[in-house]
Amino acid sequence: MSEPAVIFDNISKSYPMYHHFTGGIKNFLFHLPKALKSLRGSRYEALRDISFEVRKGEALGIIGKNGAGKSTTLGLIAGVLKPTKGSIVVRGRTLPLLELGGGFHPELTGRENIMLNGVLLGLLRAEVRKKMDEIIEFSGISEFMDQPIRTYSSGMLARLGFSVIAHLDPEILLIDEILAVGDLEFQQKCIEKMMDFKRNDVTIVFVSHSMGAVEMLCDRVVWIDDNAIRMSGNTKEVVKEFEKAERNAELLRYVKGNL
Ligand SMILES: Nc1ncnc2c1ncn2[C@@H]1O[C@H](COP(=O)(O)OP(=O)(O)OP(=O)(O)O)[C@@H](O)[C@H]1O
Ligand SMILES: [Mg+2]
């Protein structure tokens, strides 16, 4: 078996909670010491004791409901977030496509953003210039390359973002929900490109709500539920259990709604 590219060892991540003064400002002032303590103390635990490994060349899927902690996990692998507890090892150059348009500058054109991102991700200008045409061609939106990207639709941003990272020879590719906003043609293009990466031994961590895409691409899946790992292992088995739980939850909502 190949060596691990990513190791998560008992990771927890909490965010400070934002408060509303539900009792009103007067009540807040009357109980100042207690109120201040609660402000300081309370944090939201977005991930709780998460442990998993991704082996080199493996494609790992991360699935779960909205707010489960998937993007937080990718952010931790990318190093843009720091864990509150536990240790993370990442071996290899990560290229994250984390959130839509993240890392892009709205006033710069598509072409300028490609250069900016290439350089930010560690390439020399000349190297980006050499790949520029290929990136634009792959994005399929060449006619908009000289427009500022604040004019782009979310699908166009996804196209640009994916094209950039797809041409920067990543060792570890982190993809968060790219398929959700792309049209069918682009979704297929993304999947094909990711399959290519897989054949070339690139490690992939793929977050998606599309179980079809997860089944096509991923060797293994981690299912995060309520901020902890509920199940992990064989793709087919985990997806099956996840879908069963989703159906049950839907049924429950339906029954409750009709009582
Ligand atoms: N910067 C932040 N500050 C406070 N809370 C945050 C922050 N980022 C995320 N959270 C909270 O952490 C939890 C996990 O968020 P995360 O974005 O990882 O979920 P997700 O699984 O990616 O969901 P989705 O499927 O909707 O993208 C959520 O409850 C969210 O509100
Ligand atoms: Mg997310």
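These lines cover the structure that appears in this document, whether it is placed above or below. This one's a predicted model, so the numbers in the text were calculated from it and none came from an experiment. (Residues numbered from 1 in each chain as written. Chains lettered and ligands numbered in written order. Predicted model: local features only at pLDDT ≥ 70, side-chain atom pairs only at ≥ 80, totals over all residues.)

With respect to the nonpolar core
So the rule is basically this: Note on terminology: a nonpolar core is a set of buried residues of type Ala, Val, Leu, Ile, Met, Phe, Trp, Tyr or Cys, with members joined through C-beta atoms within 7 Å. For the exposure call, what matters is how many other C-beta atoms sit within 10 Å of a residue's own: 20 or more marks it buried, 12 or fewer exposed, and in between partly exposed, using C-beta atoms placed from the backbone. Secondary structure follows DSSP: runs of H or I at least 4 residues long count as helices, runs of E at least 2 residues long count as strands, and numbering of each begins at the N terminus. Contact between residues is assigned whenever the C-beta positions, reconstructed from backbone atoms, fall within 7 Å.
Ranked by internal contacts, the top residues of the largest apolar core, which has 60 residues, are Leu173, Leu174, Ile204, Val205 and Phe206. Here this core takes eight residues from helix 6 (residues 154–166), the largest share from any one element. Aside from chain neighbours lying at most four places away, what touches leucine 173 is Leu95, Ile165, Phe197, Val202 and Ile204.

Points about the site of ligand 1
For the record, the criterion: Any residue whose C-beta atom, as set from the backbone, lies within 6 Å of a molecule or strand is reported as near that molecule or strand. In this classification, Asp, Glu, Lys and Arg are treated as charged, Ala, Val, Leu, Ile, Met, Phe, Trp, Tyr, Cys and Pro as nonpolar, and every other residue, Gly included, as polar.
What surrounds ligand 1 is the set Tyr15, Tyr44, Ala46, Gly64, Asn66, Gly67, Ala68, Gly69, Lys70, Ser71 and Thr72. If you list the elements that add at least two residues to the shell around ligand 1, you get strand 2 (43–55) and helix 3 (70–78). By residue number, the principal contributor to the shell around ligand 1 is helix 3, which donates three residues. Classifying every residue of the shell around ligand 1 gives four nonpolar, six polar and one charged.

Side note on the sheet that holds strand 3 (residues 59–63)
Applied cut-off: The pairing criterion is simple: DSSP has to find at least two bridges between the two strands. All axes here are fitted lines through C-alpha atoms, helices being fitted over the stretch that makes contact, and every angle between N-to-C directions spans 0 to 180 degrees.
Spatial strand order, 5-6-7-3-8-9: six strands in an open sheet with mixed pairing. The open sheet has two edge strands, strand 5 (94–97) and strand 9 (228–234), and neither has a second partner. Sheet twist, expressed as the average angle between the axes of neighbouring strands with direction ignored, equals 15°. Across four bridges, strand 3 lies against strand 8 (residues 220–225) in parallel orientation. Its bridge partner lying in strand 8, isoleucine 63 is registered against tryptophan 223.

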